[in-house]
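Observations on chain architecture
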Amino acid sequence: MGLDREIAAELADARLVEWQRVGYGEWRAMLDDKDVRQVIGEDGKRYSVVSYALDDGDGRIRMSVAVDDGTWSAFAPLVRDQIMNPDGALVE
């Protein structure tokens, strides 16, 4: 069975909500790093949740969260992202 995209999306969105609570400086600090977590989904499966930041130009930072379940989905994970401006405002 493949990646449960609904559960993966919920995990990615929850991680982005956590990132929305911190400021621009913490997002910027992630430019040279990544955060990897192993999370048990509601289906009992283990998911890898990887957060990383990319320079999106003009001072904006794109926080991306990739989720896979360790199967073939590791080659094409579900990805969600959010962009923050230098003033701390999130781009909608």
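Residues numbered from 1 in each chain as written. Predicted model: local features only at pLDDT ≥ 70, side-chain atom pairs only at ≥ 80, totals over all residues. Heavy atoms only, no water.

1. A few points about the overall build of the chain
Looking only at helices and strands, the chain features 2 helices and 5 strands. Ordered by position from N to C terminus, the α and β elements of the chain give α-α-β-β-β-β-β. Against the globule reference of 12 Å for 92 residues, the chain gives a C-alpha radius of gyration of 14 Å, in line with a compact fold. Expressed along its principal axes, the backbone C-alpha trace of the chain runs to roughly 45 × 20 × 20 Å. Burial analysis of the chain (92 residues in total) assigns 36% to the buried set. A total of about 5,500 Å² of accessible surface is found on the chain, and carbon and sulfur atoms cover 49% of it. (Helix = DSSP H or I, 4+ residues; strand = E, 2+ residues; numbered from the N terminus. Rg over C-alpha atoms; globule rule 2.2 N^0.38 Å. Buried < 20%, exposed > 50% of the residue type's maximum accessible area, 1.4 Å probe, protein only. Areas by Shrake-Rupley, 256 points an atom, 1.4 Å probe, with all protein chains shown as cover.)

2. Some points on the packing of aromatic side chains
Considering all chains together, one arrives at 1 aromatic pair under this definition. Aromatic side chains Trp72 and Phe75 sit 5.4 Å apart centroid to centroid with 35° between the ring planes, which places their arrangement in the tilted category. The class for Phe75 is exposed, based on a relative accessible area of 68%. (Phe/Tyr/Trp six-rings, centres within 6.5 Å; stacked < 30°, edge-to-face > 60°.)

3. Let's talk about helix α1 (residues 5–20)
Here α1 is 16 residues long and its end C-alpha atoms lie 22 Å apart, about the 22 Å a rise of 1.5 Å per residue gives. Residues of α1 that are buried: Ile7, Ala8, Ala9, Leu11, Ala12, Arg15, Leu16 and Trp19. The N-capping residue of α1, defined by a side-chain oxygen 3.1 Å from the backbone nitrogen of Glu6, is Asp4. (Expected span 1.5 Å × (residues − 1). Polar contact = N/O pair within 3.5 Å; in protein donor to acceptor, adjacent residues only side chain to side chain.)

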